Structure formats: C-alpha cells, structure tokens
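Coordinate analysis (summary)
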Amino acid sequence: MAQQIEPKCSSILILFVNGKKVVHENPNPEWTLLYFLRYKLGLCGTKEGCGEGGCGACTVLLSRVNRKTNTIINLAVNACLLPLCCLHGCAIVTVEGIGSIQSGVHPVQERIAKSHGTQCGFCTPGFVMSMYALLRNNPNPTESNIEDAFQGNLCRCTGYRPILSGFKTFCCKEKISNGIPNGCCMYKNIELNGSLGTIEVIDGLFDPSEFKPYDSSQDVVFPPELLLDSTLDNDNLVFQTSTVTYYRPISWAELLKLKEKHRDAKILAGNTELGLEAKFKSQIPSVYIQPFNISELCDIIEEVDSVTVGGGVTLTNLQKFSENKKWNGLKGNIFSSLAEMIHWFAGPQIRNVATIAGNIITASPISDLNPIFMATGCTVTLESVYGSRSLKMDEHFFKSYRKTSIQGIEVLRSITLPLSKKNEFIWSAKQCRRREDDIAIVNTAMKVSFDTTDQCLIKSAQLVFGGMAAMTSEAKAASRYLIGKKWSTEILEDVCSLLVQDFPLSVDVPGGMATYRQSLAISFFYKFYLHVTQWLSESGISDLPFIETEALSATRPCTRPATKESQLYQIVSTNQAKYDLVGRPITHLSGLKHGTGEAIYVDDIPLHRNEHYGTLVINRTVPYGKLLSVDPSEALAIPGVVAFFDASSISKDRNIFGEIEHDEFVFATGEVTAIGQTVGLIIANDSLIAEKASKLVKINVEPLSPTILTIEQAIANDSYLYHRKVSSGDVEAGFARSDHVVEGEMRVGGQEQFYLETQSCLAIPKEDDEIDIYIATQAVTNMQRSISKCIGVPQNRVTVKTRRAGGSFGGKETRCILLGIPAALAAQKLRVPVRMVLNRYDDMEITGHRNPYLFRYKMGFNTDGQIVAIRISAYTNCGVAQDLCSAIICVTIFSIDGTFRIPNWEIDGWACKTNLPANTAMRGFGNPEGSVVLHTLFEIVAATTGRDTVEIRQLHLYEDGDFTPSNQILENCTVKRCWNECIANSSYHKRLQGVKEFNKKNKWKKRGIAITTTKHNLGFADRFMCQAGALVMIHLDGSVSLNHGGMEMGQGLHTKMIQIATRVLQIPASKIYFSETASDKVPNATATCGSVSSDLNGMAVINACEILIQRLLPYKTANPNGSWENWITAAYFDQINLSAVGFFSYPDANYNFATNTGTHAKYTSYGAGCSEVEIDCLTGDHSVLRTDIVMDVGESLNPAIDIGQIEGAFVQGYGLFVMEELLYSRKGHLLTKGPSMYKIPTMNDIPREFYVSILRGSSNPRAVYSSKGIGEPPLTLATSVFFAIRNAISDARKDKKLSIDFRFDSPATVERIRIACENEYSVRQPSLSENGSNCQNSWSINV
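If you're wondering where the values come from, they're calculated on a predicted model, not measured in any experiment.

**Structural notes on the sheet that holds strand β42 (residues 1072–1073)**
Reading across from one edge, β42-β41-β40-β44 is the order of the 4 strands in this open sheet, with mixed pairing throughout. Both outer strands of the open sheet, β42 and β44 (1139–1145), are each paired with one neighbouring strand and no more. Packing of helix α33 (residues 1093–1118) onto the sheet brings it into contact with β40 (1027–1034), β41 (1040–1044) and β44, and relative to β44 it is tilted by some 140 degrees.

Have a look at this one:
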C-alpha cells in the first residue's frame, strides 16, 4: 500500500523549463523528465531513441545552484532516465529553449545545420544540447573537449564527420588542426589538369566565416528565483500513486530513518540502473528515496594516506578530482586508473548523474570501478539508524550476482581510497566491443607491491577481474602465487596458467566468448607485467627482466588525434543561373528545423482529443509452437486499459499480409512461429498503462518441432522460401584447367537498422470509413494497400501520410505494417485516434534485420593470380516469412561478381525459412554481403600464390563492354578510374611500405592497409516498380506546391527535388514548398528504396514542371520583362490549369533467370576505398587510421548531400563488417537488444583521417541530369576496413609462423580479431567451434 504523506512534507514539484516556472502537484514517481516534457508540456524537440541513456537523443541541460560555492552547475543529462521527481528546484533547458526559426537560431543550431551535420535529424537535438552544455561550461573548447562531449551521442546517418566539422568551428582558430588555414573548411579552389581537361573543384562544403559568432552572454539565463532563494532546496518531498511512493529527505538522519522504515526501498541518484530495470524489466519498487544535497554523501575529503569520497559523488566529479591527482604521485597510482576508467565509462550524460555508491551497490559483474576498489583495498562506510560499520571491498564483499554484503537497512555513506605507496603499482584496463560508451567484456585492476629492501621481490599482489565470473572477483591462485616471487619472465607462464584455472569458463557461460575472455585475462596480465617493468626501470631499479623494444607497443595507450578531413567535388559553372540549384551543395532544407527541434516526426504530432495508445502483445514463449490460449483478463483489469485485440478480432481472410507473398499474420493464429511475433494488441489511455498491461497478457503455447533457427538447420531440413541460379561459362572446365582449387565457407552476420526513431504510427478515424494514417514508412502505397485489405475498406478511404522518418535504412519499407495495421484496426473499431510507438527493445526483436548469410564456395585459380572459375552458394536467413528476401537474394546473385571479370561462374541463391522474425531490407540490399566474400577469395588467391593482393585485383577489374555473370553489359564503366584515383589520393604504395616498417618494429600492434571496390546495380528488376508520379501546383501568389511519391528519411530527397524544380521552373527555391508524402496527392507511388528515388521522382518532377512551363510560355513570350507572379496571374485569368501531374517510367526491366537474358538494372555505380588500421594483437582492439574514398556519383545533384551519403554509408558499412553483431539464444531470443548490448559506431570510431572525393568528369545519361543514385553503393567500401584488419592479422600470424590463409568471418569483432591473432597469450578451447558459436550448449548462436 502507498504510504501516507508525512507532516511537514510537500507534494508540489517546482522546476523551471526554458526559463518558465512549472508547478505540478503530486507528480507520478514513474514519470521521467522525457515523458513530462513530451506528453505533459508538449516539448517534443527532445527525442526518445532508446529509453536507456545510450543514444543521447534525449539530451537536455540541467542546471542547479551549488550553495557551497554559490555557482551554477550545468550538466548534460539523459531525459529518458532522469526521474521528474528528482528535479525540484532545478532548471531544465531543452532544444526549444535555446532558439527557434521564428525567434532566431542559436549558433550551435545554425552550425550543425549549415555544416551539413543533419540528415534524418532525429539525433540532432541531442547533439545540439550536448554541444550547448559544453559551451555553457567552456566557451572556448578544444577539439578533444568536443569529441569527449559526444561520447554519449549516437548518429546512424551522417558518419559523424560533418557534425564534428561544424562544431570544431567553436574552437579557437589556433586549435583547429584540420590543416585548413584560418579554420576555413571552404577556402580553396583547385584546378585539376588531366585527360579530362581542366576541372575546377572545391575542398570543403561550408564557409565558417558565414556563421554567427557565439556570445555566451546571450544564453538562457538561469532563473534568478532559484539563484537567490534556497527555499526549494530545503523542501522535504513526498509524491505518491497507488503503487509507488517517492521521498526526498534533505538530512542524513531523515534518510536513515526512511531506509529503516522501507528496507526494500531503492535509493535514487542518477537512475541509470533503476531506470532500465523499471522500463525494460518491469521491476518497479514500491518506494524510491532520493537524498538531496546531503553533505555526508557529497564531500570528497583528503587525508594524509587516503581520500574519502561520499557515496553521492558523481562519476564526473570523481573523474575531475582524479585527473587533478593522477600526476601528483607515482606512475601507476589509483587516481590514474580511476581517471582513465571513468573517461571510458558511458557518456557524459550518464557520468554527470551516476554516483559512486550506485556503481558499487549495483554490483554489476562488469563494473569498471569495482575491480579498482577491490584491488586497492578500498573500504566502504555503511550507516543505519543503529550505527555505522566499515567493510573492506575484498573477496567477501560481493556475495553473488548483483548481491553485496550491504544490508537493506544500511546506506553507503562513503568509500575510502588508500593512496598509493612508493613501492606499489596499480594498473587497470577494459575491453569492449567498441571503445567509447560501452560496457566491458572483461575489465581488470591489478596491484603489485614490492619489498622495500629487495625492490624486485613481490610483497603482495591483487589481480581482480570483472566479466570473468558472476561478480567482480580476484584471481586468487594467481595472486597468491606471485607473493614472494621475483619480478621476472619466469612468472609469466605460471600466472597465465593459473588465471585459466581461476576462471574456468564453460562454453555456455553467460555473455559467451569464453575463449576470448580467458585470452583477455591473460593478455591483460602480460600488459600489466610490461607496464610494471617499465615503471620499475624508470624508478632506477636494476636487475629487471629484459623486454624487447618491439614488445613495448603493447603498453602504448590508444589515443585519438584530431580528425583530419577533406571533401573534393566539382563546382558548377559560373554561367549557371543563380536560381538554378542543381549541382550546388545547399543545406538540407529541414536542417535548421532539425537543429531547433521543430521538425515534426510521427510521435511529435500533438495529442488528439480522446486519443488512445496501443502496445503490441508479442510471443516470448517458444519460437515454434501451438497457440493454445491467450488470456488478457489480468491486463484488462488495470484501470485505463480500454480494449484487447487478437486474431479473434479480425476475419481470417483479412488477418494476413505480406509484400511479395501474403505469408504473415497480423495476429498469430493457431501457431506461433517466432519469438517476437504479434499475438495481440492492448489499447489504453496512455503509453505507460499500455506498456504495463501488455506484459500481463498470458500466452499459453505448446512447443512444436522442428524449431529451425540457423541457416545450417534450414539446410538440413530443406527449409527454403525461394531459390534462383545464374551460370556463365563452364565452371567444371575452369576447375579442370586451374592450378589451384580451394573450397570453403564464410559467414556474414546480419545487422540491425537501428534507425533512431523507432517504428511509430498514428491512426485517426474519420467519417464514411475514412482513416488517416501518419506513419514513418518508405512505402506509402504498400501501407495503404495493406491497411485497406485488413480493415475492409477501399483504398480511397485510407490516406497514408509521411512527413519524414527519423532514419529508415530499409527497415521502414515493409515492417512498419506491424504497427500500421493494428493501429488502423483499433482506431476503426473504437472510433478513436490510436497512437503506437515501439520501444527500442521491442523494435529490435519484432521487426527483423539485415539478412545473415552463409556462403559456400569452390574456386579455381592459377599461380599467376588469375581466377578461372567460381562456384558459390549463398544461403540467407529470411526468418519465418519471405518479406523482401527473394529480391534480396537476387541482388546478391546479380552483384556477387563485384567489379571483377572472371570467366566462369555458377551462383546459387537460397532463401532459408527459419523460426525467427522475418528479416528485411537494409542499405545495400544483398550487395555488401556478396562483395566481402568475393574480396575474401582474392585474399585466398594472394595467400596461396604469394602475389600482391592489389595486383591480383587490378588484373581482374572490369572494363567498358564487359559482361557480368547475369549477362549485363557494362557501359560507362568507371571502376578503373575510381581505382587509380583512390590509389593516387591515398598514396597507397608509399603507405604500404610504411605499414611494413611499422609491423617490423612492433610485435603486439600491427597495421594493415587495403583497397577495395564497389559495383552497385541501380534500378529494379521488377518492371512495375520502375515508375513514379509527381503533382506540381502553382498558387496565385506564385508559390509552388511540389508533391512526389518519394519520402524523406534523411537522404535529402525533397531537397534534391526542389533543386530540380528550380532549374525547370526557373525560380528560386524560396518559392517552392514540399509538405509531406501522401497517398492522396500522388497515388500508387513506388517505395522509396534502392537508391533510385531521385532518378524516378526527379524525372516525374521534371515532367510536371515542363508541362507547366509550356503552359506559361505564351505569357512569358508576351511579357518577357514580367515577373513570375505576372505570368501566373495572366495565365489564371486566361483559365490556364496551373497544376500538372508528372509521370515517368522505364520499360526495360525484363530479366529472365531461366535464360539469363534481359535487363535487371538501369545503370551501375562504382567506387573505390582505401583504409589503414591498427590492431592490438593482445586484445583485438583496433583503430581506423585513415580512409580515402573515390565515388562515382555522375554529375552530383547536391555534392553536400551526396558526400554525406557516402560518409554515412561507409560508417554504417564499417558497423556491418567490423562491429555490429546480432546474437540469439538457443531458444530464439534476440540477446543484443538496445544500445547497451548492440553496438553501432560512435564518433570515436570514424577514421582519424577521412578523405572523400567525388569522381570528376563522370556522367550518366540514364538518370536525372546525369546524376547517379548514392544512398547504398558506398556502404560496400567499408570492406576496405575489414580487409585492412585481415591484413594486419596476417602480419601478426606471419610472426608466429602461422598460415595467412585463415577463415575470418564478418563482422571482424574484437573477439574474432584476438582469436585470429594466435600467440603465446591465447587460450584454446577445443569445445568451441571455429567461429565461436553454434556448438552444442553455447550461450549464443550465429543464425
């Protein structure tokens, strides 16, 4: 039961938002700040991207007064985690509060927009507020400060480079290190002379001299009421609902009394852990206690031999303190370890609110700080109303998984950190899937103390690890062994063996990666050994073990210098009319709205009267089973729950949908066929109630067999949805005349689209069975058709509208139907508006991903490096339904040849049916997977023949007039030009020699360099998709409404369409407006996909505009000196139709698999990329040092947008091939959900030097104004990083006399890199299969 409000306690919350006072009586303790901002105050600029503080889209500025120093504290925080109740007496500034288009934009908002740092724009407010918070604390930041400020922000579109470029302009000019004078990123024109004549190009996409200066005096003023009056600081607060009570005590005594009374209460600080438990695990305590401004918890007290840190001290404050202290003592002291570990702990938004006590009490087995506290013998002080006690953080402190020795009545008051002594050394490290804002796979803190007389004699040792057991644990045997030993090479082998004994991980260990984790533990000790030996040497101690110079690379820290960049593109002729924007690098037309938070996404649409909220009820039982019953009674009993829908709510003939085949159910009926399948729909008054209720629906399932999850299981059970085959030449004859014939297989993992805006929909019923659907979809017509069928009304009653999507990448082409149909059904039946927004976990589990692949190949080649024949079978895991997988496997078949001429091919494509949610489209659509396999075959040829891999690739490059295996003739083939220019731009041969020299001098760090290519077929193989429409309307004032069938998801399509219209209509862009994509404006539109939407819609826009220009021609002729408005008026009074429908189609998509004839693409795009990397052979860590890209985009419609697409696609491809990994349990559950478990690249991961060049002098007569589609083709160039890593591994293997012909699956994760770098510090477990999973009882499987 809820507790009664106690005397002298207030139930009124007071805070300031954007300078305005907000008073709310008895707020719900479950509300987050984000919920309050969006759904109570209507401030929707702050976005929810993940709900767990991992993406930064919800970043706001929190300000409050430090009464001790009488200063204002400004903090970037995650609104999605911060409880509203904790903000009494605080000031919040959101993106709306710092500027708007109407009142004037803030310099931060202006610069991210005008530096082309926005695409879909959903993440933009978060980046804006992170930068704003930095400037509020530091008006003159360094580049390093800026990069650190974005550790907690993710972007899926831009590749980060333009964001960083724009914000670097806030640095002092002398601090900008991009090699550009005066900090100007658009300072030079270059004339290039060559075979194409003299071409003028520009380096850079914006001129920072045009930016308004930053003036900190113009920032939002902190509320004087809070600054001058401390009354609110002294309020005891109690807020309560029927289920949850929140207390805010303001004294230590009150806190202890409350904890004694409510022993199971959770103490709130940053809510960084409790918030996740509440949202995603439904673990909501009945009582929260938030200590406020209690000095006992907030102080840091320095003493002679220790430092006492209050339990409420934030990680940010401890980091600052440690940074100041780390050089004041010996190397290897506790503060240097703390400073380093906290720097890589989450992002600043988390560090700003997370506390030391919270970190300890959470007792995470992968806590970054607890190993340091244990290794150094720290002591915590615990207090209750019955007294205090001290506990040493040793082997007895942590009892089991997330359990400590702290009693429920006790509060952790402080932790005492002992100062390091002269004769002891402390070192810590962690390894994650990515370097920034990631939880550890394994972390460690190691301390060793030496005898004061014999300074090489070990007096004590503590080797503590996280990630090696269910709790932070000391390696007891290894630690004991070291005591009394001399510090010498002899201890290495013994300690390594003992570490494996201390941590005997089985293949089914939670978290998996048993071999890798044990190898990390051993490698970390070796690194510790090297560090301590160096420190001892620097202390003047002799008789130390010899360390070869080459081995010292293991001690070199991973640092990231300032990013260098270049963007080269051809400029338009000076004779081009100013109104004509084609070819100019104009800013995304929604860029400023992205920056101010005024761009409206589906869930930003204001609430409608009587609006309800829907949440899907999904199957979480077994992946395949008989559906016995569905019982919603417990959910329906919750106040606020309105209705429940399932298969009984819709007729059988309407309970079915599908893009190519109607093979999916709206609601499961009879059977469940995948974890994540929709079983029902809860409708409630608000989202919080609907989410709770959805988890109370009881689903009873009887397991069936066989359950098929993996490609291998599908092959064994002959479970296929689709099969196609292409042959050219005679592979058997080719094998017969080859010097070498090899066979093998390779996996390419799937990928989550991870659009920042999750799937969202709003259905609004109207009269006469009409219904409006606001939804983020790439396929308006398919959505309209599917909803029409399922709710039983004609398509003319269903209007689907999409203003913009916060990222899509293929994931919103078909899978948005999973929300669209249920929302429409509920809205139609209940006659109320219904809103649905998937949370991040459900979005990832329900909506499918990029298809995983298994390739089996046979290749014949000669000793000179010439490949004679390839037979390859491509198997893709489609999941339970076909969706778009038949088209995806066809693209793989058509594109697997890449840019290389090979005479004999046999290509089989198999679409496998499994019991996983249907996989779907993603950027590249089957092309990248085939490319990485083909390039792998070149590496095998090089390893076998000893020939240079670049020479072998050059030997096979396509030329004009060549035919592909699918019998397509290549016209305007520019791949050799891209290749040669990339080699020249990247100084490949010179840098290759530098890589070789580096690798000779470094044993444990190796570099690799690789150059790869892409060939992407643009156009659809299905003729019906090769069409587009447009509607252009001229109004009496001369303004123009432009409509077309494409939708905006960040690719700048609407911007390009308006650029095209300016050329045809010969008017400035200010007169042209595009509102939204809508099925009632342009019917039967082709889905926005395949990188051809500019081609199709652009031609339709040209057609419509030309019709209008022809109609206006008599009036222009009659009045040549008149204005546009004059001509429009004259035409109107002459009864001339001022609206026109444009249409475009091309009829030559007619490929036939049976005869291998016909056309399946309109034209082809090419590119080349060169990347250099450095890997750590002991941990598997890596850095991308440099990337050079040359991309053929024809004659660019907008170089800024096209270069943004190149960079964004490349970084997304880098994620695919190197970092992002989808893992499933053996029971079919997706294990990698949310940004805490699924890792996309961060700003820290992009190349340190990033150079992009658009191929000059290229044209394309088959597309609008000689341009080429660009969204997907560059993604494949990230294979250059994959193969640079592989080459670095090869050099490491050469050192160990190991074969350089080794299996290396994609993605090249830290685990795969480390395992491939076999050395004396590797652990081998025969029970693990070669790719580390799919063995019996493994924790996770590759599907």
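**Topic: the packing of aromatic side chains**
The description of an aromatic ring pair rests on the distance of the ring centres and on the angle between the ring planes. For the coordinates displayed, the defined rule picks out 39 aromatic pairs. Ring centres of F450 and W487 lie 5.7 Å apart, and the angle between their planes is 85 degrees; this geometry places the pair in the edge-to-face category. Of this pair, F450 sits in strand β20 (residues 442–450) while W487 sits in the loop between α16 (476–482) and α17 (490–502), and the two are 37 residues apart along the sequence. The exposure class assigned to F450 is buried, which follows from its relative accessible area of 2%. Aromatic rings pair up to connect F425, W427, F450, W487, F524, F525, F528, Y529 and W535 into one cluster. In this structure, R111 packs its charged tip against the face of F170, placed 4.0 Å from the ring centre.

**Things to note about empty space enclosed by the protein**
The tally for this structure, following the rule as stated, stands at 16 cavities of 30 Å³ or more. Here the second largest cavity defines a volume of roughly 100 Å³. If you trace the second largest cavity, you find 13 residues lining it, with G749, G750, L1222, N1342 and V1343 closest to the centre. Grouping the constituent residues of the lining of the second largest cavity by class yields 6 nonpolar, 4 polar and 3 charged.

**Here's the deal with the environment of N782**
Relative to the elements of secondary structure, N782 occurs in helix α24 (residues 780–791). Owing to a relative accessible area of 5%, N782 belongs among the buried residues under this scheme. Expressed as a C-alpha distance, the spacing of N782 and A76, which sit 706 residues apart in the sequence, is 41 Å. Engagement of the side chain of N782 in a polar contact is seen with the side chain of E659, the distance being 2.7 Å.

**Let's talk about a nonpolar patch on the surface**
A surface patch of nonpolar side chains, amounting to about 270 Å² of accessible area, comprises I72, L227 and L228. Residue placement: L228 occurs in helix α7 (residues 224–228).

**Focus: the pattern of salt bridges**
In total, this model carries 69 salt bridges according to the counting rule given. Among the ionic pairs, R620 bridges to E845, the shortest N-O distance being 3.2 Å. In this pair, R620 sits in the loop between β24 (612–618) and β25 (625–631) while E845 sits in helix α26 (residues 840–846), placing the two residues 225 residues apart along the sequence. The buried category is assigned to E845, whose relative accessible area is 4%. Residues E757 and K812 are paired through a salt bridge, measuring 3.0 Å at the closest nitrogen-oxygen approach.

**Quick look at the sheet that holds β24**
The strand order across the open sheet formed by 8 strands is β26-β28-β24-β35-β32-β33-β34-β43, and the pairing between neighbours is mixed. Either end of the sheet is taken by a strand with one partner, and the two such strands are β26 (641–645) and β43 (1077–1078). Examined bridge by bridge, β24 and strand β35 (residues 834–837) share 2 bridges and lie parallel to one another. When the sheet's bridge partners are listed, Y613 is paired in β35 with R835. Strands in contact with helix α25 (residues 817–830) are β24, β26, β28 (678–684), β32 (760–765), β33 (771–775) and β35; relative to β32, the strand with the most contacts, it is inclined by about 25 degrees.

**Section: unusual backbone geometry**
Between S705 and P706 the backbone carries a cis peptide bond, its omega angle lying at 0 degrees. With an omega of 10 degrees, the peptide bond between S1306 and P1307 qualifies as cis. Of note, P1307 is situated in the loop between α36 (1279–1295) and α37 (1310–1316). Even without glycine at this site, N26 takes up a positive phi of about 45 degrees. Note on placement: N26 falls in the loop between β2 (20–25) and α1 (33–40).

**Considerations on α33**
Note that an α-helix has 3.6 residues per turn; residues three or four places apart therefore point the same way. Look at α33: 37 Å from first C-alpha to last across 26 residues, which is about the 38 Å you get at 1.5 Å a residue. Its axis deflected by about 45 degrees at L1112, α33 carries its strongest bend there, up to four residues before the proline P1114.

**Looking at the nonpolar core**
With 208 residues, the main nonpolar core has F127, F167, L463, F465, W487, F525 and I1285 as its most contacted residues. Among the elements that line this core, the one with the most residues is helix α18 (residues 514–538), at 14 residues. In contact with F127, not counting residues within four places along its chain, are I112, F150, N153, L154, C155, Y160, I163, F167 and M1243. Membership of the second largest hydrophobic core comes to 75 residues, among which are L13, V22, L87 and V307.

**Section: the state of the cysteines**
By the definition in use, this model includes 0 disulfides. No disulfide involves C298; its sulfur sits 13 Å from the nearest other cysteine sulfur, which is in C90. Judged by relative accessible area, C298 falls into the partly exposed class, the value being 40%. The cysteine C1170 is free of any disulfide, with C982 supplying the nearest cysteine sulfur at 5.4 Å.

**Brief notes about the pairing of strand β36 (residues 853–861)**
Across the 9 residues of β36, 7 count as buried, placing the element largely inside the fold. The sheet contact formed by strand β31 (residues 740–748) and β36 spans 9 bridges and is antiparallel. Paired with V741 across the two strands is G860, which belongs to β36.

Rules behind the numbers
Residues numbered from 1 in each chain as written. Predicted model: local features only at pLDDT ≥ 70, side-chain atom pairs only at ≥ 80, totals over all residues. Heavy atoms only, no water. Pairing = 2+ DSSP bridges. Helix = DSSP H or I, 4+ residues; strand = E, 2+ residues; numbered from the N terminus. Contact = heavy atoms within 4.5 Å. Axes fitted to C-alpha atoms, helices over the stretch in contact; angles between N-to-C directions. Phe/Tyr/Trp six-rings, centres within 6.5 Å; stacked < 30°, edge-to-face > 60°. Buried < 20%, exposed > 50% of the residue type's maximum accessible area, 1.4 Å probe, protein only. Lys NZ or Arg CZ within 6 Å of the ring centre and 35° of its normal. 1 Å grid on protein atoms, 1.4 Å probe; cavity = no way out; pocket = protein on both sides within 12 Å on 5 of 7 lines; lining within 4 Å. Points joined across faces, edges and corners; volume = space filled by probe spheres on them. Nonpolar A, V, L, I, M, F, W, Y, C, P; charged D, E, K, R; others polar. Polar contact = N/O pair within 3.5 Å; in protein donor to acceptor, adjacent residues only side chain to side chain. Patch = residues over 30% accessible without salt bridge, like charges linked within 9 Å, V, L, I, M, F, W, Y side chains within 5 Å. Areas by Shrake-Rupley, 256 points an atom, 1.4 Å probe, with all protein chains shown as cover. Salt bridge = Lys/Arg side-chain N within 4 Å of Asp/Glu carboxyl O. Expected span 1.5 Å × (residues − 1). Bend = angle between axes of the 7 residues up to and from the residue. Core = buried A, V, L, I, M, F, W, Y, C linked by side-chain atoms within 4.5 Å. Disulfide = S-S within 2.5 Å.

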